[in-house]
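The chain contents come next:
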Amino acid sequence: MKLGFGLMRLPLIGGVSENIDIEQFKKQVDIFRAAGGTYFDTAYMYHNGKSEEAFREAVVKRFPRDSYTITDKLPCHHLTCKDDCARIFNEQLERCGVEYFDYYWLHNLNRNTLPKALNAEAFAFIKEMKEAGKIKHLGFSFHDNAEMLENILSEHPEFEYVQIQLNYLDWEDENVQSRKNYEVCVKYNKPVIVMEPVKGGSLANIMDDAGKLLKELDDTVSQASFAVRFAASLPNVYMVLSGMSNTQQVEDNVSYMNDAAFKPLNDKERSTVLAAAEILRAAVTIPCTKCRYCMEVCPINMAIPNLFEVYNNYKKFNRISASAYGAAVSDYAKPSECLKCGACEGACPQQLEIRKWLEIIAEEVEAKQ
């Protein structure tokens with residue numbers, strides 16, 4: 001099965017990121033495995049460090065080691081020196097409860113994190129871990145343009161896989177460059193692991209004209225199915241990750257992605273979802289996926305994705321939700337308090353001009369509260 005279980009958006013108790021509902025997660029894992037799923041993907045910072053531990057509880061302690069694979073990642077933007085690599089790697093092995101990683105990536109390589117990875121000798125470190133048998137396959141996750149991707153692949157042929165953001169909304173987007181990055185991977189014969197196929201869930205509940213196009217295609221299936229199948233239909237795609245937050249999402253995904261059921265998009269379906277993408281691009285003001293990487297590095301603890309959601313809804317419905325805005329700032333900094341340090345933009349996979357948008361939100365939303 002080409003479907004991988006992404007462990008970045010696990011079910012929560014009380015809406016707290018690190019308070020994962022382990023029992024519900026176990027049920028999700030059981031459904032996933034029963035359908036033939038074996039591929040799990042986590043990272044050092046997911047759920048504030050608790051994703052790896054949740055994987056240990058729900059998978060490692062319950063099933064034989066040879067019945068699943070685990071992907072973990074070395075967080076490049078956390079690296080300050082060579083010693084960080086071994087410290088973080090060993091901590092990840094302990095958190096996950098495994099003796100080796102099937103797949104191990106340099107996490108979020110881009111023009112800002114590449115110098116940190118080089119300074120910390122991360123490339124040499126992961127090769128050493130592979131030679132030691134603690135990593136089976138090397139790769140990196142990538143958020144930047146095709147030119148940067150080609151530079152990395154040409155200089156580092158040791159990488160076996162590339163994980164990129166790919167979905168039909170970003171396929172022709174000039175910031176994300178899904179298509180162009182995919183084509184570079186094909187050129188270098190590197191299998192692709194897809195992240196954000198549903199763009200943080202935003203392609204799972206499409207309204208208005210774009211939603212009507214998908215409904216006319218087939219109103220008996222989920223909108224998410226078109227997005228996941230779009231990515232999985234590409235011949236060089238090895239695995240499509242889905243961050244599944246409840247059992248219903250798992251059941252839906254495996255219903256059309258299991259080996260017996262999967263069908264690539266036909267020409268009509270492909271042209272229709274790309275037409276829907278054109279409509280959506282015109283309607284979405286800030287294309288944030290709520291990955292929260294920006295919050296990891298924000299020195300004043302601002303809930304940037306929440307503020308962006310408030311603003312997007314304001315622009316779409318011409319109404320500011322006072323309750324949603326209040327929740328976004330009740331325990332966090334206000335947009336007007338932004339220090340303009342730019343750390344968030346360096347961590348943003350979408351290459352968003354976060355400081356500019358926060359200034360606009362301060363003027364158009366905060367000032368009216």
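The numbering scheme is per chain: residues are counted from 1 as the chain's sequence reads. Thresholds applied to this predicted model are a pLDDT of at least 70 for local features of residues and 80 or more for the giving and counting of side-chain atom pairs; totals over whole chains, interfaces and linings are not thresholded and use all residues. Excluding hydrogens and water, the side-chain values take into account all heavy atoms of the structure.

With respect to the overall build of the protein chain
Heads up, the condition is: Labels follow the DSSP assignment, with helices taken as runs of H or I lasting at least four residues and strands as runs of E lasting at least two, numbered in each case from the N terminus. For a compact globule the rule gives 2.2 Å times the number of residues to the power 0.38, and the radius of gyration it is set against comes from C-alpha atoms. A simple rule labels every residue: compare its accessible area, found with a 1.4 Å probe on the protein chains alone, to the largest value its type can have, and call it buried under 20%, exposed over 50%, or partly exposed in between. We call two residues in contact whenever any of their non-hydrogen atoms come within 4.5 Å of each other. Only the protein chains shown count as covering a residue, and every accessible area follows the Shrake-Rupley method with a 1.4 Å probe.
Looking only at helices and strands, one finds 16 helices and eight strands in the protein chain. Its C-alpha atoms give the protein chain a radius of gyration of 20 Å, near enough to 21 Å, the size a compact globule of 369 residues would have. Dimensions of the protein chain, computed from C-alpha atoms along their principal axes, come out at roughly 60 × 50 × 45 Å. Within the span of the protein chain, comprising 369 residues, buried residues form 53% of the whole. Partitioning the intrachain contacts of the protein chain with sequence separation of at least 6 by distance along the chain shows that 75% fall at a separation of at least 24. Accessible area for the protein chain stands at about 16000 Å²; split by element, carbon and sulfur atoms hold 48% of it.

Notes on the sheet that holds strand β1 (residues 3-6)
Our working definition: Strands were regarded as paired on the criterion that DSSP finds at least two bridges between them. Comment: axis = line fitted to C-alpha atoms, over the contacting stretch for helices; angle = value between 0 and 180 degrees taken between N-to-C directions.
Judged by pairing direction, the barrel is parallel, and its eight strands sit side by side in the order β1-β2-β3-β4-β5-β6-β7-β8 before closing back on the first. Taken pair by pair, the neighbouring strands of this sheet meet at an average axis angle of 30 degrees, ignoring direction. Here four bridges tie strand β5 (residues 135-142) to strand β6 (residues 161-165), and the two strands are oriented parallel to one another. By the bridge assignment, Gly139 is partnered in β6 with Tyr161. Across the sheet, helix α6 (residues 146-155) is in contact with β4 (101-109), β5 and β6; its angle to β5 comes to roughly 155 degrees.

Section: the pattern of salt bridges
Cut-off, in case you're wondering: For salt bridges, the criterion is a side-chain nitrogen of Lys or Arg within 4 Å of an Asp or Glu carboxyl oxygen.
Inspection of every chain in the model, using the stated rule, returns 25 salt bridges. Here Glu196 ties to Arg9 by a salt bridge, and the two come within 3.3 Å at their closest N and O atoms. Of this pair, Glu196 sits in the loop between β7 (192-195) and α8 (208-217) while Arg9 sits in the loop between β1 and α1 (22-34); the two residues are 187 residues apart in sequence, bridging distant segments of the chain. For the pair Glu196 and Arg9, a shared accessibility class is recorded, and that class is buried. Connected through salt bridges with shared partners, the residues Glu52, Glu91 and Arg95 form a single ionic network.

Comments concerning the pairing of β4
Put simply, the rule is: Here, the term right-handed applies to a crossover whose path from the first strand over the helix to the second runs clockwise when the strands point away from the viewer.
For β4, the tally of buried residues reaches nine of nine residues, placing the bulk of the element in the interior. Where strand β3 (residues 69-75) lies against β4, five bridges are found, and the strand directions are parallel. Bridge pairing in β4 places Thr71 opposite Tyr103. This β-α-β element, β3 to helix α3 (residues 82-96) to β4, shows right-handed connectivity. In the sheet, β4 pairs with β5 via six bridges, with the strands oriented parallel. Following the sheet pairing, Trp105 is matched in β5 by Gly139.

Remarks on the pairing of β5
Strand residues, when the strand is regular, have side chains that alternate between the two faces of the sheet. In terms of residue burial, β5 counts as a mostly covered element, since six of its eight residues are buried. Handedness of the β-α-β unit built from β5, α6 and β6 comes out right-handed.

Quick look at the nonpolar core
As a reminder of what qualifies: Throughout, nonpolar core names a set of buried Ala, Val, Leu, Ile, Met, Phe, Trp, Tyr and Cys residues whose side chains join them through atoms within 4.5 Å.
Within the largest apolar cluster, 86 residues are counted, with the highest numbers of intra-cluster contacts made by Phe40, Leu106, Leu109, Phe140 and Tyr168. With seven residues, helix α9 (residues 223-232) is the largest single contributor of residues to this core. In contact with Phe140, not counting residues within four places along its chain, are Trp105, Leu106, Leu109, Leu149, Ile152, Leu153, Phe159, Tyr161, Val162 and Gln163. Among the nonpolar cores identified, the runner-up in size contains 25 residues, and Met302, Tyr325, Cys344 and Cys348 belong to it.

Observations regarding unusual backbone geometry
Despite not being glycine, Asn108 shows a phi value in the positive range, around 60 degrees. Structurally, Asn108 can be placed in strand β4.

Quick word on the packing of aromatic side chains
Our working rule: Pairing of aromatic side chains requires ring centres within 6.5 Å, counting the rings of Phe and Tyr and the six-membered ring of Trp. Pairs whose planes differ by under 30 degrees are stacked, by over 60 edge-to-face, and all others tilted.
Within the structure shown, the criterion is met by 24 aromatic pairs. Measuring from ring centre to ring centre gives 5.4 Å for Phe5 and Phe32, while their planes differ by 80 degrees; the resulting arrangement is edge-to-face. Note that Phe5 is positioned in strand β1 and Phe32 in helix α1, a separation of 27 residues in sequence. Residues Phe5 and Phe32 agree in their burial class; the two are buried. On the basis of an interplanar angle of 75 degrees and a centroid distance of 6.2 Å, the ring pair of Tyr168 and Phe230 is categorised as edge-to-face.

What to know about the environment of Pro75
Residue position: Pro75 is located in strand β3. C-alpha separation for the pair Pro75 and Ala43, spaced 32 residues apart in sequence, amounts to 7.8 Å. Excluding its chain neighbours within four sequence positions, the residues that come into contact with Pro75 are Tyr44, Met45, Ile88 and His107.

Some thoughts on the side chain of Glu52
Stated formally: Definition of a polar contact: a pair of N or O atoms within 3.5 Å, with one able to donate and the other able to accept a hydrogen when the atoms are protein atoms, and with sequence-neighbouring residues admitted only if both atoms are side-chain atoms.
Its location among the elements puts Glu52 in helix α2 (residues 51-60). At a separation of 3.2 Å, a polar atom in the side chain of Glu52 contacts the side chain of Gln92. Setting aside its immediate chain neighbours within four residues, Glu52 contacts Thr42, Ala43, Tyr44, Asp72, Gln92, Arg95 and Cys96.

Structural notes on the packing of α2 against α3
Quick note on the threshold: In this classification, Asp, Glu, Lys and Arg are treated as charged, Ala, Val, Leu, Ile, Met, Phe, Trp, Tyr, Cys and Pro as nonpolar, and every other residue, Gly included, as polar.
Packing of α2 against α3 leaves a shortest axis separation of 7 Å and a crossing angle of 35 degrees. Between α2 and α3, the residues in contact are Glu52, Glu53, Phe55, Arg56 and Val60 and Gln92, Glu94, Arg95 and Cys96, respectively. Counted by class, the contact of α2 with α3 contains three nonpolar, one polar and five charged residues.

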